[in-house]
Amino acid sequence: MTKILLTGGAGYIGSHTYLALIQSGFEVVILDNFSNSKSDVPRRLQDISGKMVYCFNGDVLDRTDLDNVFAAHKIDGVVHFAAKKAVSESVVKPLDYMHNNIGGLLNLLAAMDAADVRNIVFSSSATVYGDTDVQPIPEDHPRTYTSPYAFTKIAGEQILEQLPNTWVVGILRYFNPAGAHKSAMIGEDSEDIPNNLLPYIAKVAVGELAELVVFGDDYDTPDGTGVRDYIHVEDLADGHVLSLKSLLETGESHTVNLGTGEGSSVLDVVAAYSEACGKDLAHTIAPRRDGDVAVLTGLPEQAKARLGFEAKRSLGDMCKSSWAWVSGQRRNKR
Ligand code: WQD
């Protein structure tokens, strides 16, 4: 059986990708330092999948941790999720982001090379496109960074582009991941006050936060609020499975957007979440957030052409699955 290492596999997208890979017949090993994921995620993955979960508590910055994984398992490919991903935090801690995201990638690539493993899927981001009027954005759009986080993603992509053709690389540029697993046993799980829209609205819906602050209603968009390309995290996970299969079967590298090509405004999301949870959600309009752009949507054609990937789930599905996850969590906390 083909065995895949997921660095950061206990995180939000990693844990959903774990389940999609198991479902597709892969064997999977997780390496996670649990800096941004809960320690009981592996047990929940075991409960959902009914299979033993192989998880190393370790760090991609620690070469010994990596060598131990490759010594213990014959790995056929790697999906590299382990990185810091908060844009605002990266502005405050640029060195931390470069050390973790670029240093971690370089350490992983060295360990992979030493273990003769040269298939890698890299978790990238639409943020590499910067602020552009070209919408939806094609993959050949120039890259420009607007934050240290975006810089580390562009640097990661460029490092992978320098590798010899003995390496086979899948670069996946996520737009706005949202939603939770259909089991409602895993989902986005941030302790602190979320930066992102969906987890913030989820906390308003369960009563942990009082109201949503809408950052600007004076953008050049249909209702004046920011428009984004939200993609269900389970669709995103399916995209990773197709990316890995393509690398392993064709030996050809690819760089694709993982998005729907459709845009939803902040107020569209508020209305969809309100429908999903059956409540009105308190929200107020405030000035724009620094660094935000009006519209960010991704052209999905390449992912379809190269991987046969198409997002299937709707914004309503994202909100319903998110609500089932957070309201279930709420129940469990009592
Ligand atoms: C979405 C929309 C906000 C919060 C970020 C990163 C990106 C990627 C995904 C890592 C915008 C509005 C938000 C709130 C609001 N992460 N909003 N009130 O900024 O598109 O993308 O997360 O790869 O790199 O930049 O996502 O969810 O923060 O914002 O009005 O409390 O919701 O203005 O229009 P964003 P987001």
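Keep in mind the model is a prediction, meaning the values are calculated, not measured.

With that out of the way, let us pick up the site of the ligand. Around the ligand, the surrounding shell holds 19 residues, and the nearest of these are Y149, L197, R228, R289 and D292. The side chain of N176 places a nitrogen or oxygen atom 3.1 Å from an oxygen atom of the ligand. Within the complex, the protein chains bury 90% of what would otherwise be the 680 Å² of accessible surface of the ligand. Here the element with the most residues in the shell around the ligand is strand 8 (residues 212–215); it accounts for four residues.

A few words on the packing of helix 5 (residues 94–114) against helix 6 (residues 148–161). With their axes 9 Å apart at the nearest point, helix 5 and helix 6 run at an angle of 20° to one another. Relative to helix 6, the element helix 5 lies roughly parallel. The crossing of helix 5 and helix 6 is right-handed. Residues P94, Y97, M98, N101, I102, L105, L106 and L109 of helix 5 lie in contact with helix 6, whose contacting residues are P148, Y149, F151, T152, A155, G156, I159 and L160. In terms of residue class, the contact of helix 5 with helix 6 is made up of 13 nonpolar, three polar and no charged.

All right, on to the sheet that holds strand 12 (residues 264–265) then. Spatial strand order, 12-9-14: three strands in an open sheet with mixed pairing. Looking along the sheet, the strands with just one partner apiece sit at the ends: strand 12 and strand 14 (295–296). Of the strand pairs in this sheet, strand 9 (residues 227–228) and strand 14 are connected by two bridges, and their pairing is parallel. In the strand pairing of strand 14, V227 is matched with V295.

Rules behind the numbers
- Residues numbered from 1 in each chain as written.
- Predicted model: local features only at pLDDT ≥ 70, side-chain atom pairs only at ≥ 80, totals over all residues.
- Heavy atoms only, no water.
- Near = heavy atom within 4 Å.
- Polar contact = N/O pair within 3.5 Å; in protein donor to acceptor, adjacent residues only side chain to side chain.
- Areas by Shrake-Rupley, 256 points an atom, 1.4 Å probe, with all protein chains shown as cover.
- Helix = DSSP H or I, 4+ residues; strand = E, 2+ residues; numbered from the N terminus.
- Axes fitted to C-alpha atoms, helices over the stretch in contact; angles between N-to-C directions.
- Parallel < 35°, antiparallel > 145°, perpendicular 65-115°, else oblique.
- Left-handed = near helix turned anticlockwise from the far one by under 90°.
- Contact = heavy atoms within 4.5 Å.
- Nonpolar A, V, L, I, M, F, W, Y, C, P; charged D, E, K, R; others polar.
- Pairing = 2+ DSSP bridges.

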